[in-house]
Amino acid sequence: QVQLVESGGGLVQPGGSLRLSCAASGYIFSLYVTGWFRQAPGKQRELVATITGVGITNYADSVKGRFTISRDNAKNTMYLQMNSLRPEDTAVYYCRGGPTYRNWGQGTQVTVSS
């Protein structure tokens, strides 16, 4: 029943920006923490940022000051604004959520390259 769907990925140049979206359904979105994770080729999936139902945020050191996580509970949607993108940000980005924080979206590809 719980479903998370990412969108907004694509190809951008170094220094560029991109905004990802995660649309949630099947549960009371506003009550639970959600997060963004990413996985680059040959690497394990890693935390990017989290946000609680009331808007408390946490960021990985690698993205702090460049990325901003937010949510619109009325729209059941979480966002990730990505600025000053670097080639090492290239990865598949995944949305995580649900009442037990064990549900995942299908992922969206972000490629940062010249």
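Before any of the text, the structure's been laid out above.
What counts, and at which threshold
Residues numbered from 1 in each chain as written. Predicted model: local features only at pLDDT ≥ 70, side-chain atom pairs only at ≥ 80, totals over all residues. Heavy atoms only, no water. Helix = DSSP H or I, 4+ residues; strand = E, 2+ residues; numbered from the N terminus. Contact = heavy atoms within 4.5 Å. Pairing = 2+ DSSP bridges. Axes fitted to C-alpha atoms, helices over the stretch in contact; angles between N-to-C directions. Disulfide = S-S within 2.5 Å. Buried < 20%, exposed > 50% of the residue type's maximum accessible area, 1.4 Å probe, protein only. Lys, Arg positive; Asp, Glu negative; His and termini not counted. Salt bridge = Lys/Arg side-chain N within 4 Å of Asp/Glu carboxyl O. Polar contact = N/O pair within 3.5 Å; in protein donor to acceptor, adjacent residues only side chain to side chain.

1. Digging into unusual backbone geometry
It is generally the case that most residues other than glycine have a negative phi and that most peptide bonds are trans. Although it is not a glycine, Asn 76 adopts a positive phi angle of roughly 50°. Tracing the chain through its elements places Asn 76 in the loop between β7 (67-72) and β8 (77-82).

2. Section: the environment of Ser 7
Within the fold, Ser 7 resides in strand β1 (residues 3-7). Sequence separation between Ser 7 and Cys 95 is 88 residues, and the spatial gap between their C-alpha atoms is 9.8 Å. Apart from the residues lying within four places of it in its own chain, the contact partners of Ser 7 are Arg 19, Leu 20, Ser 21 and Thr 108.

3. Comments concerning the sheet that holds strand β3 (residues 18-25)
Strand order across the open sheet formed by 4 strands is β1-β3-β8-β7, with antiparallel pairing between neighbours. Each edge of the open sheet is held by one strand with a lone partner, namely β1 and β7. Put simply, the sheet's adjacent strands are angled 15° from each other on average, direction ignored.

4. Topic: the state of the cysteines
The tally for this structure, following the rule as stated, stands at 1 disulfide. With a sulfur-sulfur separation of 1.9 Å, Cys 22 is cross-linked through a disulfide to Cys 95. Its torsion about the S-S bond being -75°, the disulfide of Cys 22 and Cys 95 is classed as left-handed. Of this pair, Cys 22 sits in strand β3 while Cys 95 is found in strand β9 (residues 91-97), placing the two residues 73 residues apart along the sequence. Like Cys 22, the residue Cys 95 is buried in the burial classification.

5. Quick look at the side chain of Arg 71
Mapped onto the fold, Arg 71 is located in strand β7. Asp 72 provides the closest opposite charge to the buried, unpaired Arg 71, separated from it by 8.4 Å. Polar contacts involving the side chain of Arg 71 include one to the main-chain carbonyl oxygen of Ile 51, which spans 3.2 Å.

6. Some points on the pairing of strand β4 (residues 34-39)
The buried count for β4 comes to 5 of 6 residues, which makes it a mostly enclosed element. Bridge count for β4 against strand β5 (residues 46-51) is 5 bridges, and the pairing is antiparallel. Of the residues in β5, the one forming a bridge with Arg 38 is Glu 46. Connecting the antiparallel pair β4 and β5 is a turn made up of 6 residues, with Gly 42 showing a positive phi of about 80°. For β4 and β9, the ladder comprises 5 bridges, and the chain directions are antiparallel. Paired with Arg 38 across the bridge in β9 is Tyr 93.

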